[in-house]
Amino acid sequence: AMVIGSLVITLVVRGLGLTLNLYDRVAYVTSSMDTQFRESRWWADSLGSLVPCTDLDHCLVGTSSSLKGYSLAPVLEAPGLRTEITWELQGVAGATTLVYKEHDSNELAMSLSLPQEAEFRYLGPDGRWSEAWNTNGENARLPDAIIVEGGAGDTWLYAKPGMRPYGREDYRDMLGIE
């Protein structure tokens, strides 16, 4: 009986040790997944609530390496207020990091490591992707979508502005007038 008791205790202790080890592994993996999910929400939410041009000084302007616009869902400021946001691709040691900034705040770098050739692309109403958006101040419309694309044409991040492209008072998109 004593031998059987000691075997049972040994199995219980070993099982408990294995369970705790597995729990530590799962906790480690899910903590990094939580960070990646939270950061992907920064991207999707801030660009999903981009504000269409209200005047020529408050329009979305984008190049292949950065974009600046106004969002109703900033990461750091109170939601619902129009806040200037900037997303920028910064090269660091053979890779590219996506960095977020609100008007006067500190930069927030995403942990996602992008290829060195990563760049922004903007989908126009004609269905074509371009490397720049409204750089000359002549396009008051929001793009239909914004992606971060790798050098091989891989899409790393995708966002679709949820507002009407010209603002709520303008119905050109519904009438087919572009």
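Residues numbered from 1 in each chain as written. Predicted model: local features only at pLDDT ≥ 70, side-chain atom pairs only at ≥ 80, totals over all residues. Heavy atoms only, no water.

Engineer: Please clarify how the packing of aromatic side chains should be interpreted in this entry.
Structural biologist: Note on aromatic pairs: each is described by the distance of the centres and the angle between the planes. Enumeration according to the criterion identifies 3 aromatic pairs in this entry. Between Trp43 and Trp87, the aromatic rings sit 5.3 Å apart at their centres with planes inclined by 75°, giving edge-to-face as the arrangement. Of the two residues, Trp43 is situated in helix 1 (residues 2-48) and Trp87 in strand 3 (residues 83-92); the sequence distance between them amounts to 44 residues. Looking at Trp43, the relative accessible area reads 1%, which means it is buried. Residue Trp87 is classed as buried on the basis of its relative accessible area, which comes to 0%. Taking the centre distance of 4.8 Å and the plane angle of 55° together, the rings of Trp87 and Tyr100 count as tilted. On the criterion of sequence distance, the pair formed by Trp87 in strand 3 and Tyr100 in strand 4 (residues 95-102) is long-range, its members being 13 residues apart. (Phe/Tyr/Trp six-rings, centres within 6.5 Å; stacked < 30°, edge-to-face > 60°. Helix = DSSP H or I, 4+ residues; strand = E, 2+ residues; numbered from the N terminus. Buried < 20%, exposed > 50% of the residue type's maximum accessible area, 1.4 Å probe, protein only.)

Engineer: What is the right way to read the sheet that holds strand 4 from this model?
Structural biologist: By way of backbone hydrogen bonds, the strands of a sheet pair with one another, either parallel or antiparallel. The 5 strands are arranged 1-2-3-4-5 in an open sheet whose pairing can be described as antiparallel. Two strands in the sheet have a free side with no partner beyond their single neighbour: strand 1 (61-62) and strand 5 (108-114). (Pairing = 2+ DSSP bridges.)

Engineer: In this structure, what is going on with the sheet that holds strand 7 (residues 129-130)? I would like to understand it.
Structural biologist: If you trace the 4 strands from one edge of the open sheet to the other, you get 7-6-8-9, paired in antiparallel fashion. On the outer flanks of this sheet lie strand 7 and strand 9 (155-159), each paired with one strand and no other. Pairing between strand 8 (residues 145-149) and strand 9: 4 bridges, direction antiparallel. Bridge pairing in strand 9 places Ile147 opposite Tyr158.

Engineer: How should the nonpolar core be read in this particular structure?
Structural biologist: In terms of nonpolar packing, the biggest core is built from 22 residues, with Trp43, Leu47, Trp87, Leu98, Phe120 and Ile146 touching the most fellow members. Contributions of two or more residues to this core are made by helix 1, strand 3, strand 4, strand 5, strand 6 (119-123), strand 8 and strand 9. (Core = buried A, V, L, I, M, F, W, Y, C linked by side-chain atoms within 4.5 Å.)

Engineer: Teacher, can you tell me more about the pattern of salt bridges here?
Structural biologist: As enumerated under the stated definition, the model contains 6 salt bridges in all. Note that Glu119 and Arg121 form a salt bridge whose closest N and O atoms lie 2.6 Å from each other. Residue Arg141 is joined to Asp144 by a salt bridge in which the shortest nitrogen-to-oxygen separation is 3.0 Å. For Arg141, a relative accessible area of 7% gives the class buried. (Salt bridge = Lys/Arg side-chain N within 4 Å of Asp/Glu carboxyl O.)

Engineer: Mind showing me how you'd approach unusual backbone geometry here?
Structural biologist: In the Ramachandran plot, Asn134 falls in the positive-phi region, its phi being about 60° despite a non-glycine side chain. Locating Asn134 in the fold gives a position in the loop between strand 7 and strand 8.

Engineer: Looking at this structure, how should I read the side chain of Glu119?
Structural biologist: The residue Glu119 is located in strand 6 in this model. A residue is classified by how much of its surface remains accessible, and Glu119, at 19% relative accessible area, is buried. At 2.6 Å, the side chain of Glu119 and the side chain of Arg121 are in polar contact. Excluding its chain neighbours within four sequence positions, the residues that come into contact with Glu119 are Ser64, Leu89, Glu131, Ile147, Val148 and Glu149. (Polar contact = N/O pair within 3.5 Å; in protein donor to acceptor, adjacent residues only side chain to side chain. Contact = heavy atoms within 4.5 Å.)

Engineer: Hey, could you run me through the environment of Glu138 in this one?
Structural biologist: Within the element layout of this structure, Glu138 appears in the loop between strand 7 and strand 8. Judged by relative accessible area, Glu138 falls into the exposed class, the value being 68%. Each C-alpha atom of the pair Glu138 and Cys59 lies 9.9 Å from the other, and the pair is 79 residues apart in sequence.

Engineer: Which parts of the structure should I look at to understand the pairing of strand 3?
Structural biologist: Working note: regular strand, side chains alternate between the two faces of the sheet. As judged from the 6 bridges shared by strand 2 (residues 66-71) and strand 3, these two strands associate in the antiparallel manner. Pairing of Ser71 across the sheet is with Thr83, part of strand 3. Inspection of the sheet shows strand 3 paired to strand 4 by 8 bridges, in the antiparallel sense. Paired with Glu88 across the bridge in strand 4 is Val99. In this structure, the hairpin formed by strand 3 and strand 4 is closed by a connection of 2 residues, where Ala93 is found at a positive phi of approximately 50°.

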